[in-house]
Structure formats: structure tokens, C-alpha cells
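Descriptive analysis of the structure
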Amino acid sequence: GESVGLHLPTLSVQEGDNSIINCAYSNSASDYFIWYKQESGKGPQFIIDIRSNMDKRQGQRVTVLLNKTVKHLSLQIAATQPGDSAVYFCAEKGAGGGADGLTFGKGTHLIIQP
Amino acid sequence: SAVISQKPSRDICQRGTSLTIQCQVDSQVTMMFWYRQQPGQSLTLIATANQGSEATYESGFVIDKFPISRPNLTFSTLTVSNMSPEDSSIYLCSVGYTLQGGEQFFGPGTRLTVL
């Protein structure tokens with residue numbers, strides 16, 4: 001997996017604007033990806049997932065884009081709200097099958113400005 | 001999704017002691033995992049908890065330090081043995097429903113501080 005630094009990247013967005021959070025993953029064989037939201041003092045909350053046979057998936061106010069060529073994943077949040085402020089992690093699962101756990105990216109701290 | 005609880009939610013422990021963390025799910029799940037999240041950092045997989053057999057550990061984690069039990073499909077424990085301040089972290093359990101991947105859901109975490 002990716003190395004993890006002590007300081008998370010921060011993205012500051014005006015309330016109501018759209019935000020895009022990016023993630024570079026490490027394993028070209030990974031076949032499943034998840035975005036999680038983690039609020040302070042809580043466990044990660046599942047937002048949306050995507051399999052490697054897709055390049056886009058939409059949920060409520062969120063869209064995940066997958067570019068396997070450059071091993072890049074993004075999460076788009078539309079019309080951001082104060083409750084969207086949190087740390088966002090991407091996670092990947094390898095293509096080995098079986099009961100693999102997830103490899104997490106570094107995380108991005110999203111701050112919604114009023 | 002499953003309702004996942006962990007006990008204790010937090011603890012402060014002395015160096016050299018051990019702490020057992022419990023993870024309880026309100027429904028039967030196929031997979032259970034344990035992760036560690038060090039302060040200000042991302043999550044790292046410790047091991048997969050296998051029902052009725054030894055856990056599968058990731059590189060850098062060993063059974064003597066992090067013994068894991070999973071007696072049934074709804075419960076698992078992680079013990080942090082012979083603790084040092086470097087073990088201060090949040091420990092999280094997660095669950096999944098299929099062997100072929102699929103969503104994983106996380107518990108609230110156990111915040112451990114070792115003095």
C-alpha cells in the first residue's frame with residue numbers, strides 16, 4: 001500500500017460548491033475500490049464503491065471516477081454541505097480473491113467553509 | 001448494513017500490560033478484520049479474523065503481539081500484548097459479507113493510550 005504521512009492534505013471548499021478529492025492507488029491488480037468518510041472520533045463510514053470493470057459510478061451527491069491507466073481514483077461531492085467536513089480515504093482491494101482486507105490511501109481532510 | 005460495536009471505546013493502559021478489545025456484530029457476517037489507525041494517519045490492516053482457525057496476519061504483525069479470536073460469525077477479539085507507547089492507536093474492526101469482495105463496514109473504534 002501507499003506510505004502514510006503525518007499530515008493529511010487539506011481541501012477547503014465553499015459551502016454549496018462541488019469538491020473533488022483525488023487518490024492514487026498502488027496495485028494495478030486491485031479490482032475493487034471504496035471511498036470512506038471519517039468524522040472525528042468515529043470509524044470510517046462507507047460512501048461509495050466501484051469495481052475495476054467500471055470507470056464511473058454515481059450515488060446521492062457523490063460520483064466516483066476510476067482511471068485504471070494511471071491508477072487514479074476520484075470522489076466528487078456535489079453541492080457540499082457543512083456535514084461533509086471530514087477526512088476522506090480511498091481504499092483498494094487486491095485481485096487475489098479470497099478474504100483480503102483493504103489497503104487505505106493517505107486521506108484528505110475536507111473543510112467546508114460557510 | 002450491520003451494527004458493529006466495540007468494547008472498550010477507549011482505555012489508558014500501563015506499559016507492559018495487555019488489553020483485549022471486543023467486536024460484536026448484530027448479524028452473521030462472513031469476514032471480520034482488524035485495523036490500526038495511528039494518530040493522524042491512515043488505516044493499516046492487522047489481520048483477518050478467521051472463524052474457528054488462526055487469524056491471517058499482514059506483514060509486520062504477529063500473533064504473539066496481536067492474538068485474535070473469532071469463535072463465531074458475530075464476534076471477534078483482538079488483544080494488544082505487552083503494550084508500549086508505540087501501540088497507542090485507534091483499533092478498528094470491520095466486517096464484510098462475501099468472500100469475493102464487497103463493502104466492508106467499520107466499528108466505532110477503540111482508542112488506546114499507553115503510558
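Residues numbered from 1 in each chain as written. Chains lettered and ligands numbered in written order. Predicted model: local features only at pLDDT ≥ 70, side-chain atom pairs only at ≥ 80, totals over all residues. Heavy atoms only, no water.

Looking at the overall build of chain B
Just so we agree on the cut-off: Numbering of helices and strands runs from the N terminus; a helix is a DSSP stretch of H or I covering at least four residues, while a strand is a stretch of E covering at least two. The globule rule used here is 2.2 Å times the number of residues to the 0.38 power, and the radius of gyration it is set against is calculated over C-alpha atoms. Here the term buried applies to any residue with accessible area under 20% of the maximum for its type, exposed to any over 50%, and partly exposed to those in between, with areas from a 1.4 Å probe on protein chains only. Throughout, a residue-residue contact means that at least one pair of heavy atoms, one from each residue, lies within 4.5 Å. Here the accessible surface of atoms and residues is derived via Shrake-Rupley with a 1.4 Å probe, and residues count as covered only by protein chains that are part of the display. Positive residues here are Lys and Arg, negative ones are Asp and Glu, while His and the chain termini are left out of the count. Lysine's charge is taken at NZ, arginine's at CZ, aspartate's at CG and glutamate's at CD.
Scanning chain B for helices and strands turns up zero helices and eleven strands. Shown N-terminal to C-terminal, the secondary structure of chain B runs as helices and strands in the order β-β-β-β-β-β-β-β-β-β-β. Rg of the C-alpha trace for chain B: 13 Å, near the compact-globule value of 13 Å for 115 residues, within the 12% margin. If you line up chain B on its principal axes, its C-alpha atoms span 40 × 25 × 25 Å. Among the 115 residues that make up chain B, the fraction classed as buried is 54%. A fraction of 55% describes how many contacts in chain B between residues 6 or more apart in sequence connect residues 24 or more apart. Accessible area for chain B stands at about 5200 Å²; split by element, carbon and sulfur atoms hold 49% of it. Computed over 7 positive and 8 negative side-chain charges, the inter-centroid distance for chain B is 8 Å.

Side note on the overall build of chain A
A tally of regular secondary structure across chain A gives zero helices and ten strands. Helices (α) and strands (β) of chain A occur, in sequence order from the N terminus, as β-β-β-β-β-β-β-β-β-β. Across the 114 residues of chain A, 39% fall into the buried class. Considering only contacts within chain A whose residues lie at least 6 apart along the sequence, 55% involve residues at least 24 apart. Entry remark: accessible area of chain A is about 5600 Å², with carbon and sulfur atoms responsible for 46%.

Some remarks on the state of the cysteines
This is how the line gets drawn: Throughout, disulfides are identified as pairs of cysteine sulfur atoms within 2.5 Å of each other.
This structure, assessed with the given rule, holds two disulfides over all chains. For Cys23 of chain A, the disulfide goes to Cys90 of chain A, at an S-S distance of 1.6 Å. A residue pair is termed long-range when its members are at least 10 positions apart, and Cys23 of chain A in strand E2 (residues 19-24) and Cys90 of chain A in strand E8 (residues 86-93) qualify at 67 residues. On the basis of relative accessible area, Cys23 of chain A is assigned to the buried category, the value being 7%. The partner cysteine of Cys23 of chain B in its disulfide is Cys93 of chain B, sulfur to sulfur 1.8 Å. Linking Cys23 of chain B in strand E3 (residues 19-25) with Cys93 of chain B in strand E9 (residues 89-96), this pair joins segments that are 70 residues apart in sequence.

Examining the sheet that holds E2 of chain A
All names here are of chain A. Where we set the bar: Pairing between strands requires that DSSP locate at least two bridges from one strand to the other. Lines fitted to C-alpha atoms define the axes here, with helix axes fitted over just the stretch in contact, and angles between the N-to-C directions of these axes take values from 0 to 180 degrees.
The four strands lie next to each other as E2-E7-E6-E5, forming an open sheet whose pairing is antiparallel. Bordering the open sheet on either side are E2 and strand E5 (56-58), each of which pairs with just one other strand. Direction aside, the axes of adjacent strands within the sheet are offset by 15° on average. As judged from the six bridges shared by strand E6 (residues 62-67) and strand E7 (residues 72-77), these two strands associate in the antiparallel manner. Residue pairing for E7: Leu66 is matched across the bridge by Leu73.

What to know about the interface of chain B and chain A
To be explicit about the condition: In this description, buried area is defined as the sum, over both parts, of the accessible area (probe of 1.4 Å) that is lost when the two are combined. A side-chain nitrogen of Lys or Arg and a carboxyl oxygen of Asp or Glu constitute a salt bridge if their distance falls within 4 Å. Polar contacts here mean pairs of N or O atoms no more than 3.5 Å apart (in protein, one a potential hydrogen donor and the other a potential acceptor; neighbouring residues in sequence count only if both atoms are side-chain atoms).
Between chain B and chain A, the contact holds 22 residues from the first and 25 residues from the second. Carbon and sulfur atoms make up 56% of the surface buried where chain B meets chain A, a total of about 1700 Å² over both sides. Along the contact surface separating chain B from chain A lie zero salt bridges. Taken together, the links from chain B to chain A amount to five residue pairs in polar contact (both at pLDDT 80 or more). Sorting elements by how many residues they give to the side of chain B that touches chain A places strand E4 (residues 31-37) of chain B first, with four residues.

Regarding the sheet that holds strand E8 (residues 75-80) of chain B
Sheet strands pair by backbone hydrogen bonding; their relative direction is either parallel or antiparallel. All names here are of chain B. Across the sheet, which stays open at both edges, the four strands sit in the order E1-E3-E8-E7 with antiparallel pairing between neighbours. The open sheet has two free edges, formed respectively by strand E1 (4-7) and strand E7 (68-72), since each of these has just one partner strand. Taking the axes of each pair of neighbouring strands and ignoring which way they run, one obtains an average angle of 15° across the sheet. When E3 meets E8, the two strands line up antiparallel, connected through six bridges.

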